[in-house]
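Residue-level structural notes
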Number of protein chains: 2
Amino acid sequence: MLNYSTSEENYIKAIYHLQQQDGNVTTNELAAELKAKPASITDMMKKLKAKKLLHYEPYQGFSLSNEGKKVALGIIRRHRLWEFFLAEKLKFTWDEVHEVAEHLEHVSSKKLIDKLDEFLGFPRVDPHGDPIPDQDGKIETSRQVCLLDLPFNKSAVVSHVSDQSTEILELLKHKNIVIGTKLEVKKKFSFDNSMEVKAGRQPVFTISEQLAKNIFVKYGA
Amino acid sequence: MLNYSTSEENYIKAIYHLQQQDGNVTTNELAAELKAKPASITDMMKKLKAKKLLHYEPYQGFSLSNEGKKVALGIIRRHRLWEFFLAEKLKFTWDEVHEVAEHLEHVSSKKLIDKLDEFLGFPRVDPHGDPIPDQDGKIETSRQVCLLDLPFNKSAVVSHVSDQSTEILELLKHKNIVIGTKLEVKKKFSFDNSMEVKAGRQPVFTISEQLAKNIFVKYGA
DNA sequence: ATAATAATTTAGATTTGTCTAAAAATATTT
DNA sequence: AAATATTTTTAGACAAATCTAAATTATTAT
Ligand SMILES: [Mn+2]
Ligand SMILES: [Mn+2]
Ligand SMILES: [Mn+2]
Ligand SMILES: [Mn+2]
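Rules used throughout
Every chain is numbered independently, its residues counted from 1 as its sequence is written. Numbering of ligands from 1 and lettering of chains from A proceed in the order in which they are written. Only residues with pLDDT of 70 or above have their local features reported here, since the model is predicted, and side-chain atom pairs are shown and tallied only from 80 upward, although totals for entire chains, interfaces and linings are computed over all residues. The basis for the side-chain values is all heavy atoms of the structure; hydrogens and waters are excluded. The rule for pairing is simple: two strands pair if DSSP sees at least two bridges between them. Put simply, DSSP marks the helices as runs of H or I at least four residues long and the strands as runs of E at least two long, and each gets a number from the N terminus on. Whether a residue is near a molecule or strand is decided by its heavy atoms; if any one of them lies within 4 Å of it, the residue is near. What qualifies as a polar contact is a pair of N or O atoms within 3.5 Å, subject to a donor-acceptor requirement within protein and to the restriction that residues adjacent in sequence count only when both atoms come from side chains. The fit set for superposing copies consists of C-alpha atoms from residues with pLDDT of at least 70 in both; the fit itself is least squares. Pairs of residues are marked as contacts when any of their non-hydrogen atoms sit within 4.5 Å. A carboxyl oxygen of Asp or Glu within 4 Å of a side-chain nitrogen of Lys or Arg is what we treat as a salt bridge. Classification of residues uses two cut-offs on accessible area relative to the type maximum, computed with a 1.4 Å probe and protein chains only: under 20% is buried, over 50% is exposed, and between them is partly exposed. Counted charges follow a simple rule, with Lys and Arg positive, Asp and Glu negative, and His plus the chain ends left uncounted. Here the axes come from fitting lines to C-alpha atoms, over the contacting stretch only for helices, and the angles between their N-to-C directions go from 0 to 180 degrees. These descriptions rest on fixed angle ranges, namely under 35 degrees for roughly parallel, over 145 for roughly antiparallel, 65 to 115 for roughly perpendicular, and the rest for oblique. Residue polarity is assigned by list, with Asp, Glu, Lys and Arg as charged and Ala, Val, Leu, Ile, Met, Phe, Trp, Tyr, Cys and Pro as nonpolar; anything else, Gly included, falls into the polar class. Reported domain spans reflect what an automatic or database domain assignment gives.

1. Concerning the sheet that holds strand β6 (residues 195–199) of chain A
Residues and elements named next belong to chain A. With antiparallel pairing, the six strands of this open sheet are ordered in space as β3-β8-β4-β5-β6-β7. Taken across any chain shown, the strands that pair with only one partner, and hence form the sheet edges, are β3 (145–146) and β7 (205–207). In the sheet, β3 pairs with strand β8 (residues 215–219) via two bridges, with the strands oriented antiparallel. In the sheet register, Cys146 faces β8, and the bridge partner there is Phe216.

Put into structure tokens, the structure is as follows:
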């Protein structure tokens, strides 16, 4: 596996995430994601196409090739392992890990990452509940569902939070919700889509639509 | 404290190390150290001078300003803490740590490094016995002496090895010498400057001039 | 089917970091 | 003190990554 520049890696990773939704990614989408100008995106797409990391025809959008996906999963592996390290070992809070991991992910020594993985005890998910790819780039596609869609009285475990801001962390902390918290939906109100939720033996409490939208859960655990 | 590019940091660190010997550093010296062409050095010296990180007059060589030294010590702190982490926590061997630390040192989050320091238990020296600067850039200037100059029957502790190659590590491993090993010089031979040394309760063994040149020791411990 | 609008690409410029080759300054040798 | 050799700097080029402004292509609305 060749080595890619920090810039190339950031582009590849961003495309990977965007194409999880739509399949095909557009110039403007990627420009927005990377806070770059569309012209810069086109330039880089030509380079990545030449390196066979993606499929791209002018005006047609683009998507990663198999090789490109493999590269992306390598970067994501490094990113999430470092996030886990920062949270678990260095006691970073949840909202602090991402920015630092954004830099650490580009140190691409395979030995470093595999030994780090071992040192951490081969964690399966990062502090946001996102699965960590293994050495071969295999990644758990966990069957998770948005809290908004969880049926009443079905016990489920918080597995992922989409938003990674300090603000959502503050709110989740206040409500005692972390990755792994067991929840049941007790009531939903169609007026504002708010819901009442029970977690462990805490008294029932209310969650707004905006918050529920960002919480994902897994059944049975 | 501003942020500097990876390139700038590598230059600053190299100057710091070179000026430990001579005080003043020349263009060719630095070019050799960094495996770059002299013209590239001159270019960068102009930039670093403009940023007030060094004293430089054309044809006169250069040396770090106080600000430059502070920056250098920050880089060295990061480098050596990562080396310690790699050796201690990830079980890297001695000769493997340097290359990876060469990249990790450029991730310059103060919080990351201070928390790493704490996590590691505030180590004082890296795996090569080099002192690790503290948060304020304070660094232990250990009174160490080359094994070549250690008087007979004076007990001393190995505190530093200059060479960091796999080859010297192999030899030191064979002779059971690590940082912290207690030694006494028993005999020296002027023919080849080899010496006989006693370490702990091992039988006396021989060390070549080339090896002794790279071993530094501290008295009394 | 045009016309207007939006998205994308191209052309050309800029910054950073590097290089080669030539010129200039300094140091060494005769 | 000249001549020679070495060191250092300058001039000009190049690749990577970005940008702005203009041109082109595609989409949407009339
Ligand atoms: Mn990144
Ligand atoms: Mn994450
Ligand atoms: Mn480095
Ligand atoms: Mn070291």
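2. Let's talk about the protein's contact with DNA strand D
Surrounding DNA strand D, one finds 20 residues, the nearest of these being A:Ser5, A:Ser40, A:Lys47, B:Thr42 and B:Tyr56. Within 4 Å of the protein, atoms of DNA strand D come from sugar and phosphate in 77% of cases. Take B:Thr27: an N or O atom from its side chain is 3.0 Å from a phosphate oxygen of DNA strand D. Backbone polar atom of B:Tyr59 to a phosphate oxygen of DNA strand D: 2.9 Å apart, as the coordinates give it.

3. Observations regarding the relation of the copies chain A and chain B
Note on the identical chains: chain A maps onto chain B by a rotation of 180° and an axial translation of 0.1 Å, with an RMSD of 0.1 Å. Each copy turns onto its partner about a two-fold axis. Relative to the rotation axis, the closest C-alpha in chain A is found at A:Leu104, a distance of 3.6 Å. When the interface residues of chain A are mapped onto chain B, 100% of them are again interface residues, pointing to one common binding face.

4. Focus on the pairing of β8(A)
Alignment of strand β4 (residues 156–161) of chain A against β8(A), held across five bridges, turns out to be antiparallel. By the bridge assignment for β8(A), A:His160 is matched with A:Phe216.

5. A short note on the pattern of salt bridges
Should the charged atoms of two oppositely charged side chains come close, the side chains can pair. What the rule picks out here adds up to 26 salt bridges over all chains. The shortest N-O distance in the salt bridge between A:Asp126 and A:Arg80 comes to 3.8 Å. In this pair, A:Asp126 is assigned in the loop between α6 (110–119) and β3 and A:Arg80 in helix α4 (residues 66–88), connecting sequence segments 46 residues apart. In this structure A:Asp126 comes out as buried when scored by relative accessible area, which is 4%. A relative accessible area of 10% places A:Arg80 in the buried class. For B:Lys70, the salt bridge goes to B:Glu67, with nearest N and O atoms at 4.0 Å. Within this pair, B:Lys70 and its partner B:Glu67 are both found in helix α4 (residues 66–88), separated by three residues, close to a single helical turn. Here the residues in one salt-bridge network are A:Arg77, A:Lys110, A:Asp114 and A:Asp117, joined through shared partners.

6. Considerations on the side chain of B:Asp130
Residues and elements named next belong to chain B. Counting through the fold element by element, Asp130 comes out in the loop between α6 (110–119) and β3 (144–146). For the buried Asp130, no salt bridge is present, and the opposite-charge side chain at shortest range is Arg80, 4.2 Å distant. Ignoring any residue separated from it by four or fewer positions in sequence, one finds Asp130 in contact with Arg80, Arg124, Val125, His160 and Gln164.

7. A few points about the packing of helix α1 (residues 6–22) of chain A against helix α3 (residues 38–50) of chain A
Residues and elements named next belong to chain A. At their nearest, the axes of α1 and α3 sit 11 Å apart, and the two run at 95° to each other. Regarding the angle of α1 to α3, the classification is roughly perpendicular. Contact residues: α1 offers Ser7, Glu8, Tyr11, Ile12 and Ile15, while α3 offers Ser40, Ile41, Met44, Met45, Lys47 and Leu48. Among the residues making up the contact of α1 with α3, the classes are represented as seven nonpolar, two polar and two charged.

8. Quick look at the protein's contact with DNA strand C
Around DNA strand C sit 20 residues, and of these A:Thr42, A:Tyr56, B:Ser5, B:Ser40 and B:Lys47 come closest. At 2.8 Å from a phosphate oxygen of DNA strand C is found a side-chain nitrogen or oxygen belonging to A:Lys46. Measuring from a phosphate oxygen of DNA strand C, one finds a side-chain N or O atom of B:Ser7 at 2.9 Å. Residues of the surface near DNA strand C, tallied by class, amount to nine nonpolar, seven polar and four charged.

9. Observations concerning the domain arrangement of chain A
The domain architecture assigned to chain A consists of domain 1 (6–64) and domain 2 (144–218). On a C-alpha basis, the centroid separation for the pair domain 1 of chain A and domain 2 of chain A is 33 Å.

10. A closer look at the environment of A:Glu9
Residue and element names in this part refer to chain A. Checked against the element boundaries, Glu9 lands in helix α1. With a relative accessible area of 3%, Glu9 lands in the buried category. The contacts of Glu9, once residues within four sequence positions are left out, are Tyr4, Ile75, Arg78, Glu105 and His106.

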